[in-house]
Amino acid sequence: GSQVHLGCSAEGRPPPLLTWFRGPQVLREEPGAAALPLHLAQVSPQDSGTYTCVAENRHGRHNRSLELHVAYAPRPPVLNGTLWVLAGEQ
């Protein structure tokens, strides 16, 4: 349920096309931008995966990837009225 902000920036002549991918899927792209942030709101385990930012112009292509792992926060135990634990008992 937390937010995640990923940043990507590049310089070049001509200014590069910046693109965010998750696996093969394009998430966001912006031609000529110096920076391209990616905001993920309320992440869940389904948002886990490899995120890659690619900067590309006619002279070449450069990229950086990161692996995002999302797990649920631990929950406190739930006890009902019929459970008793005595010292020394398993």
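Residues numbered from 1 in each chain as written. Predicted model: local features only at pLDDT ≥ 70, side-chain atom pairs only at ≥ 80, totals over all residues. Heavy atoms only, no water.

The protein chain is annotated in an unreviewed UniProt entry as SMP protein from Emberiza fucata. Here the protein chain is described in UniProt, under the heading Subcellular location (unreviewed entry), as follows: "Membrane". (UniProt positions renumbered as here; feature names shortened; annotations may be inferred.)

With respect to unusual backbone geometry
The residue after Arg13, namely Pro14, is reached through a cis peptide bond having omega 0°. Topologically, Pro14 is positioned in the loop between strand 1 (4–6) and strand 2 (17–22). Of note, the phi angle at Gln42 is positive, near 50°, even though the residue is not glycine. When you line up the elements, Gln42 lands in the loop between strand 4 (38–40) and strand 5 (49–57). Of the residues examined, Gln42 reaches a relative accessible area of 63% and is grouped as exposed. (Helix = DSSP H or I, 4+ residues; strand = E, 2+ residues; numbered from the N terminus. Buried < 20%, exposed > 50% of the residue type's maximum accessible area, 1.4 Å probe, protein only.)

Let's talk about the nonpolar core
Counting 15 residues, the largest nonpolar core has Leu6, Leu18, Trp20, Leu38, Leu40 and Tyr51 as the members making the most contacts within it. Secondary-structure elements contributing two or more residues to this core are strand 1, strand 2, strand 4 and strand 5. Top element by residues in this core is strand 5. It accounts for 3 residues. Not counting chain neighbours up to four residues away, the residues in contact with Leu38 comprise Val4, His5, Leu6, Trp20, Leu27 and Tyr51. (Core = buried A, V, L, I, M, F, W, Y, C linked by side-chain atoms within 4.5 Å. Contact = heavy atoms within 4.5 Å.)

Considering the state of the cysteines
As enumerated under the stated definition, the model contains 1 disulfide in all. One disulfide bridge connects Cys8 with Cys53, the sulfur atoms lying 1.7 Å from each other. Every disulfide takes its handedness from the sign of the S-S torsion; for Cys8 and Cys53 that torsion is -70°, giving left-handed. In this pair, Cys8 is assigned in the loop between strand 1 and strand 2 and Cys53 in strand 5, connecting sequence segments 45 residues apart. Given a relative accessible area of 13%, Cys8 falls into the buried group. (Disulfide = S-S within 2.5 Å.)

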